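As a plain string of letters, each chain reads:
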Amino acid sequence: MTASHNWPPIDPADGWALILTELQRDLERIDPDLVMGQVKQKFGTLSVSAEASDPALADAVHGRIAAAEALSARICERCGQPGRIRQRPDGWYQALCNRHALEAASEMEGES
Ligand SMILES: [Zn+2]
């Protein structure tokens, strides 16, 4: 039984798959008994909650998660290319590259 059982499956097509894969690998090394919480997107960036099994490891765990969350703001969530946080017309925030920002904008038009 490893900590990976606590992780939601990582979609390899996800632009953040590499960020998540590296985060998971590092966290399992820092704290093999880490209790994973939710992995979600919040205001356009990755948001990961986890509880260290030992208070002495909490700083290292949260520092590593903060680094991944900061990195996600600069990586397109659709393709993994460099991007930035953009606000869509509906108010939703997404980290997107130029190409996918255009695509997202045209999808919005198609919905209305
Ligand atoms: Zn993209």
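Residues numbered from 1 in each chain as written. Predicted model: local features only at pLDDT ≥ 70, side-chain atom pairs only at ≥ 80, totals over all residues. Heavy atoms only, no water.

This part takes up the layout of surface pockets. Empty space among the atoms can be located by rolling a probe the size of a water molecule over them. Considered as a void within the structure, the largest pocket measures approximately 160 Å³ in volume. No other element matches strand β1 (residues 35-42), which puts three residues into the lining of the largest pocket. (1 Å grid on protein atoms, 1.4 Å probe; cavity = no way out; pocket = protein on both sides within 12 Å on 5 of 7 lines; lining within 4 Å. Points joined across faces, edges and corners; volume = space filled by probe spheres on them. Helix = DSSP H or I, 4+ residues; strand = E, 2+ residues; numbered from the N terminus.)

Relative orientation and spacing of two packed helices are given, respectively, by the angle between their axes and the distance between those axes. For the pair helix α1 (residues 17-30) and helix α2 (residues 58-72), interaxial distance at closest approach is 10 Å and the crossing angle is 175°. As the angle between them shows, α1 and α2 are arranged roughly antiparallel. Judged by residue contacts, Ile 19, Glu 22, Leu 23, Asp 26, Leu 27 and Ile 30 of α1 engage Ala 60, Val 61, Arg 64, Ile 65, Ala 68, Leu 71 and Ser 72 from α2. Residue composition of the contact of α1 with α2, grouped by class: nine nonpolar, one polar and three charged. (Axes fitted to C-alpha atoms, helices over the stretch in contact; angles between N-to-C directions. Parallel < 35°, antiparallel > 145°, perpendicular 65-115°, else oblique. Contact = heavy atoms within 4.5 Å. Nonpolar A, V, L, I, M, F, W, Y, C, P; charged D, E, K, R; others polar.)

In this section: the environment of Gln 38. Here Gln 38 lies in strand β1. If sequence neighbours within four positions are ignored, Gln 38 has contacts with Ser 47, Val 48 and Ser 49.

Overall, the coordinates contain seven salt bridges when judged by the stated rule. With a shortest N-O distance of 3.3 Å, Arg 25 and Asp 26 are connected by a salt bridge. In this structure Arg 25 comes out as partly exposed when scored by relative accessible area, which is 49%. Given the relative accessible area of 11%, Asp 26 is considered buried. Within this structure, Arg 25, Asp 26, Arg 29 and Arg 64 form a network of salt bridges that share partners. (Salt bridge = Lys/Arg side-chain N within 4 Å of Asp/Glu carboxyl O. Buried < 20%, exposed > 50% of the residue type's maximum accessible area, 1.4 Å probe, protein only.)

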